Each structure stands twice: as C-alpha cells, then as structure tokens.
Amino acid sequence: MMDDMADHILKSRYLLPGEKDFTDICRRVAGWIGRDEAESGAFFRMMESGEFLPNSPALMNAGTPCNQLAGCFVIPVGNTITGIFEAVKQGAIIQMTGGGTGYNFSEIAPAGTTAEPGGAISPGPVAFLSVFDTVSEVIRQGGRRRGANMGILDIRHPDILAFIDAKDKEGKLSHFNLSVTVPDAVMEAFEGGEREEILSIHPATGRENTIGSVFDAIINGIHRNGEPGLLFSDAINRENRTPHLGEITATNPCGEEPLLPFEACILGSINLARFIEESTLDWKRLERTVRLAVRFLDLAIDRSSYPLPENEDAVKKTRKIGLGVMGLHDALILLGLPYDSPSARECAEEMMAFISETAVDESKRLAEVFGPFPAWEGSVWEKPVRNATLTTIAPTGTISLFAGCSPGIEPVYSFAFWRNNTAGAEFEVIHPLFSARLDEEIASLGYHGDEGRARQKAVIEEVRRCGSLQHIGWLSFEFRKLFVSALDISWRDHLLMQAAFQRHTHASIAKTINLPHTTGHEAIREAILSAWKLSLKGITLYRTGSRRASVYSLTGCR
Ligand code: UDP
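Residues numbered from 1 in each chain as written. Predicted model: local features only at pLDDT ≥ 70, side-chain atom pairs only at ≥ 80, totals over all residues. Heavy atoms only, no water.

## Topic: helix 9 (residues 211-225)
Turning to step 1, where the next piece is worked out: Here helix 9 contains 15 residues, and its C-alpha end-to-end distance of 21 Å stays within 8% of the 21 Å for a straight helix at 1.5 Å per residue.
Turning to step 2, where the next piece is worked out: With eleven of 15 residues buried, helix 9 is to be regarded as a mostly interior element.
Turning to step 3, where the next piece is worked out: Among all positions of helix 9, only Ile211, Gly212, Val214, Phe215, Ala217, Ile218, Ile219, Gly221, Ile222, His223 and Asn225 are buried.
Turning to step 4, where the next piece is worked out: One or two positions beyond helix 9, positive phi appears at Gly226, with a value near 80 degrees. (Helix = DSSP H or I, 4+ residues; strand = E, 2+ residues; numbered from the N terminus. Expected span 1.5 Å × (residues − 1). Buried < 20%, exposed > 50% of the residue type's maximum accessible area, 1.4 Å probe, protein only.)

Next up, the structure:
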C-alpha cells in the first residue's frame, strides 16, 4: 500500500531504532494505547490494515520517552512583552515534541503605539511573527519535520494590512499559515457591497482601514500566493460546544481544529476507500471502526504526555478528539461517483453523518462508564458525552501516504505527477486506481498490444504535464468524468463538498480550494462570499502556480 515516497518518509523520520517497518510502528502504538492484549490487538489490526491511522506525533512518539501524541495546539498570546515571549517559549516546547501551534496575535498593540506602562513603543504583531517563525526554523519539530504555525489577526486590528502582506514574497515566514478572522457583521457589509465603512483607524499613522481596502488586500494576497486564509469567527463560535469556558479565537496550523487557549487535540483518520467492497460501502465494518477509533483517541488523551501543564489541564477538561476521514476521492472512484457530482456530495454527506452520529453514540457509552468530560456541565451537550467535540477533517498529508489513499477529503491533485520531498528527491507517482482503470478503458476502446501500451503512455505523460485528462477526447466521457482532478473541479464544487462535510463535522475542515492559474480577483471574491454563506468556518484558496515551491510539480499547462 505504500509507494516509494511513503517508504522514504517512514524510514527517514518515523521508524525508531530497532523498528523495521510500518507493522512495527503499529505494534508499538497499539500496544501503548490499548489497555489489554485484546484491545491492543484490535487497535493494531485497524492501523495495520490501513483502515485508521492516528496523526504523525502519535506514530512517532507513542511509547517513547517523549510520548506526546497530539498534532494540534493553540497557545494564547498576551499583549505584554513578557506574555508574548512566554508564548514563544511555550511554542518552542510544543514544537520540540512534534506538535503544530496556532496563535491569535490580535491583542498585541499596533506598531508604533505605546504598549507598556514604561512608555515603550510596540513593534506590532507583524514584527513578532518573525520571532515565532525563527523559533520554528531552529526547532524543526524535534528535528523530524518542518515546524508549522497558524498566525491569526482580527480584521479590525489596525495593523491588518501589514499582516495580510507579511508573506508577500515567497520564503518569508515559511513556517506560518496566515489567517484573518472575520465576524458576520463585516461579512454582511462586504456582501452588501460596502467599501467605505471604517474597520479601524491606525492610532500611530491615522490611516483608515476600510472594508474596501482590506478586502482588496486580502483578495490580492490570495491571488498573489494563496494567503491569507479566512476564518469566520461567528460560525466557529456558534458551534463552540463549551461556550462557558470562553470564546474560540484560534485554530491549529491547518485550520481543522478551532481550540480554546492551551487546548490540544490528537487526530486520527479513517480511510473510507478501505470500506468499499464491490462498489458498495460496508456500513457495519465502518461502524465498528468508528467506535474503535473513538475509544483509541479517547484513551490516547490519558496515555499522552503534555508539553506544558496548561495543555494537560485544558485537554482533560474538554477531552476533544479529532476523528476524521481520508481517502474520500478514492472511495468515490470505487463507488463510480465523479467527485464534483451531486450524487458524490450526497454520498459524502451520508458517510460523514453516519460517522459523526456513531462517534457521538460511542462517546455517550464511554461517558456512562468513565464519566462525561469534566467541563460537560454548562456545555451545549444535553446528554453526557465523554468528548466535547469528536469529528474534524485533517489534511492527512503524511498518514494518507502511509495508508496509500487520497488525502483527507481532497480530490486527487493529479493522477500522475512527479513529487518532490523535503530532502529534494523526486518520486514518480501514478495513482494505482487510475493506472488499473486506464488499462481497462484502453482495452475496452479496442486498443491492444503495442498500440494499447503507446496510448497508455501518452495519457500518463499528458496527465503528468497538465494534471488533467479532460482534453483527451478519445477517452470515454464516463472515464474522464470519474477521473476529474483538483484543477478540473470548479471552486463552487470544491466548496459544496467542504460544506457537505462541515454539516456533520464538530470541529472544522482542512481543505484547499485549488484554482486554475487564470482565476481572477472576482472569482476569489465570490468564493469567499460563498464559503461564508455556506456556513463554513474558514476558507483556504490557492491559485495553482502562484508559488514556486510546491509539493507537486506538473511540467506544463495551466
Ligand atoms: N502538523 C505539523 N507539522 C507538519 C504537518 C502537520 O505540526 O509538518 C500538524 C498541524 O497541526 C496540522 C496537523 O498536524 O494541522 C495535521 O496535519 P496532517 O493531517 O497533514 O498530519 P499527518 O498526521 O498526516 O502528518
């Protein structure tokens, strides 16, 4: 199930001394989490078969002296120099253990204003970003992967324009994703075409930041190189399951986990493709796996070490877990449903609703035995549950490679491409389902022998060049529709899939809306508005080719 790329990553970063292969990792992790042999055995089978995998820190650290299992953290940043550098230190400690960190910088005084009682002048939030970025560069997540951060600023902060442009050149703040939080009131004004309304007046320069100027900058930034993302703060807090503990103002680096200050979350994802047999979904087996995965992740909370005592306190109050899915696109192909079709979205919605409902049911059962999460009273859950939130959609950037499936709920980016890894090596990747079905397609069109092989080679080369096979007219319409890839899919269809999942996901969704290179500013504006109207919690857009460094390399087109 693992290709060369996955094997390379596994050997260079995940295997501990004495471990030979992925099976050894599964044995260590399952043995550490399970309470007895039978339970560890069940966890082992679920992992080893590629049905479910926990996030990378759990694979790397479970049962080791570090033993930190969570991928996602949120750290509060104060408005004093002591508070800010306390967050720097806390972030460093967390990243050392392999966790990614999210910060909201909105409390930091605008650049050039008096910040502290002593009369010192604030450098502003944007200046501090580079301090956090440098720490990630030095720490390198315990030496095993690039440190990842989310930097967040409220759209009403006076330094918002500098923040939006903080990554205007490639290579700047390379350990950060940047997101702007936008409340409904601002989105409503933006939707109504309002441009002149003032969001903030900069106290040092007197500059007025209007809705028009700030959104122009956001849209230009996205068009330029895919940043910033947007977080819809009211949508996030409408679904805050523990409002009595405070407002949620930040997420982890890829956006899928809105968390309270100091909370952390251990993620784990179910590979949907593994549950399709002869073009139908095995609901019974899926149910068993969801229940087992919930137990795994809930136990992992207690089996994990925490970088800071504040993390342990926050996590054990709400016991949030991050159960998600991967392999969606593969599953849809196996079911014969084109990713961008209404029937695919209906199917996706049915699967995610089932997973969320089953997960909640299992959490209720756990609450009966072990008690509800300690902060349950005063939460929005009427009946006791063990976990304040259960479902999320992670990117599964690495674990989907180990499971040999398409990442998260993303469409396949290209069915054939060269992939660069961080060590600079190039890997040829051909999607296995595509390769098998292409042979059948070519045979069914009557091409055999040398002619068949030549046609197969031509298709693969073309897909590698363009990331698409939609223009290869001699392939059947059905085949082309089934193998649509990320850039063939309109931004509307990307968003509709995200919305189908969001309706049944407690936390949020990591998804990139991939746009063709020719996409203009107006489409970006419309996509932002649509995302908000679809009640999404955030949106990340990326215009292909707008950054030079990209994990994928196609050689031509678009
Ligand atoms: N993450 C990180 N560094 C990385 C990749 C991921 O800190 O290089 C964290 C980050 O919080 C991200 C989360 O792990 O949102 C999940 O990412 P993904 O699903 O891609 O991780 P995987 O478990 O597949 O490595």
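## Considerations on the pattern of salt bridges
Between side chains of opposite charge, a pair can form when the charged atoms approach closely.
Turning to step 1, where the next piece is worked out: Tallied over the entire structure, the rule returns 41 salt bridges.
Turning to step 2, where the next piece is worked out: Of the charged contacts in the structure, one is a salt bridge between Arg238 and Asp184, with a shortest N-O distance of 3.0 Å. Of this pair, Arg238 sits in helix 10 (residues 233-238) while Asp184 sits in helix 8 (residues 184-191), and the two are 54 residues apart along the sequence.
Turning to step 3, where the next piece is worked out: The exposure class assigned to Arg238 is exposed, which follows from its relative accessible area of 57%.
Turning to step 4, where the next piece is worked out: The salt bridge involving Glu239 is made with Arg241; its shortest N-O contact spans 3.7 Å. (Salt bridge = Lys/Arg side-chain N within 4 Å of Asp/Glu carboxyl O.)

## Things to note about the site of the ligand
Turning to step 1, where the next piece is worked out: By nearness alone, 21 residues border the ligand, and Ser56, Gln141, Asn252, Thr396 and Gly397 come closest of all.
Turning to step 2, where the next piece is worked out: Measuring from an oxygen atom of the ligand, one finds a backbone N or O atom of Gly71 at 3.0 Å.
Turning to step 3, where the next piece is worked out: The side chain of Glu256 places a nitrogen or oxygen atom 2.9 Å from an oxygen atom of the ligand.
Turning to step 4, where the next piece is worked out: Bound to the protein, the ligand loses 91% of the 520 Å² it would expose on its own.
Turning to step 5, where the next piece is worked out: Of the residues contributing to the shell around the ligand, the split by class is eight nonpolar, ten polar and three charged. (Near = heavy atom within 4 Å. Polar contact = N/O pair within 3.5 Å; in protein donor to acceptor, adjacent residues only side chain to side chain. Areas by Shrake-Rupley, 256 points an atom, 1.4 Å probe, with all protein chains shown as cover. Nonpolar A, V, L, I, M, F, W, Y, C, P; charged D, E, K, R; others polar.)

## Description of the packing of aromatic side chains
Turning to step 1, where the next piece is worked out: A full pass over the atoms with the stated rule returns 17 aromatic pairs.
Turning to step 2, where the next piece is worked out: Judged by centre distance (5.7 Å) and plane angle (35 degrees), the rings of Tyr103 and Phe105 are tilted.
Turning to step 3, where the next piece is worked out: Between Phe415 and Phe434 the ring centres are 5.3 Å apart and the planes differ by 35 degrees, which places this aromatic pair in the tilted class. Linking Phe415 in the loop between helix 15 (399-403) and strand 15 (416-420) with Phe434 in helix 16 (residues 432-444), this pair joins segments that are 19 residues apart in sequence. Pair check on accessibility: Phe415 and Phe434 agree, each one buried.
Turning to step 4, where the next piece is worked out: When the ring centre of Tyr447 is taken as origin, the NZ or CZ atom of Arg455, which lies over that ring, is 3.9 Å away.
Turning to step 5, where the next piece is worked out: A cation sits over an aromatic face here: Arg455 above Trp474, 4.7 Å from the ring centre. (Phe/Tyr/Trp six-rings, centres within 6.5 Å; stacked < 30°, edge-to-face > 60°. Lys NZ or Arg CZ within 6 Å of the ring centre and 35° of its normal.)

## Structural notes on the nonpolar core
Turning to step 1, where the next piece is worked out: Ranked by internal contacts, the top residues of the largest apolar core, which has 139 residues, are Phe215, Ile218, Leu323, Leu328, Phe501 and Ile528.
Turning to step 2, where the next piece is worked out: The greatest single-element share of this core, amounting to ten residues, is contributed by helix 11 (residues 283-303).
Turning to step 3, where the next piece is worked out: What Phe501 contacts, discounting residues up to four positions off in sequence, is Val325, Leu328, Ala348, Met352, Ile393, Ile409 and Ile509. (Core = buried A, V, L, I, M, F, W, Y, C linked by side-chain atoms within 4.5 Å. Contact = heavy atoms within 4.5 Å.)

## Overview of the packing of helix 11 against helix 14 (residues 342-370)
Turning to step 1, where the next piece is worked out: At their nearest, the axes of helix 11 and helix 14 sit 9 Å apart, and the two run at 50 degrees to each other. In this view, helix 11 runs oblique relative to helix 14, as classed from their interaxial angle. Here helix 11 runs over helix 14; the crossing is right-handed. Here Trp283, Leu286, Glu287, Val290, Arg291, Val294, Arg295 and Asp298 of helix 11 lie close against helix 14, whose contacting residues are Glu350, Met351, Phe354, Ile355, Thr358, Ala359, Asp361, Glu362, Ser363, Arg365 and Leu366.
Turning to step 2, where the next piece is worked out: Grouping the constituent residues of the contact of helix 11 with helix 14 by class yields nine nonpolar, two polar and eight charged. (Axes fitted to C-alpha atoms, helices over the stretch in contact; angles between N-to-C directions. Parallel < 35°, antiparallel > 145°, perpendicular 65-115°, else oblique. Left-handed = near helix turned anticlockwise from the far one by under 90°.)

## Regarding the environment of Leu487
Turning to step 1, where the next piece is worked out: Topologically, Leu487 is positioned in the loop between helix 18 (477-482) and helix 19 (491-502).
Turning to step 2, where the next piece is worked out: Along the primary structure Leu487 and Ala443 are separated by 44 residues, whereas in three dimensions their C-alpha atoms are 27 Å apart.

## Concerning the domain arrangement of the protein
Turning to step 1, where the next piece is worked out: By domain assignment, the protein separates into domain 1 (72-251) and domain 2 (416-484).
Turning to step 2, where the next piece is worked out: Inter-centroid distance (C-alpha atoms) of domain 1 to domain 2 is 42 Å. (Domains from an automatic or database assignment.)

## Some details on helix 2 (residues 22-33)
Turning to step 1, where the next piece is worked out: Spanning twelve residues, helix 2 covers 17 Å between terminal C-alpha atoms, matching the ideal 16 Å at 1.5 Å per step.
Turning to step 2, where the next piece is worked out: All of the buried residues in helix 2 are Phe22, Thr23, Asp24, Ile25, Cys26, Arg28, Val29, Ala30 and Ile33.
Turning to step 3, where the next piece is worked out: Elements in contact with the buried residues of helix 2: helix 1 (4-14), helix 3 (37-48), strand 1 (52-54), helix 4 (56-61), helix 11 and helix 15.

## As for the pairing of strand 16 (residues 426-430)
Turning to step 1, where the next piece is worked out: Every second residue of strand 16 is oriented toward a common face, the buried set being Phe427 and Val429 and the non-buried set Glu426, Glu428 and Ile430.
Turning to step 2, where the next piece is worked out: Where strand 15 and strand 16 come together, five bridges link them in antiparallel fashion. Residue pairing in the sheet places Ala416 in a bridge with Ile430 of strand 16. (Pairing = 2+ DSSP bridges.)

## Side note on the packing of helix 2 against helix 11
Turning to step 1, where the next piece is worked out: Running from N to C, helix 2 and helix 11 point in directions that differ by 75 degrees, and their axes come no closer than 9 Å. Taken together, helix 2 and helix 11 sit at an angle that is classed as roughly perpendicular. From helix 2, Val29, Trp32 and Ile33 reach across to helix 11, where they touch Phe296, Leu299, Ala300 and Arg303.
Turning to step 2, where the next piece is worked out: Among the residues forming the contact of helix 2 with helix 11, the class breakdown is six nonpolar, no polar and one charged.

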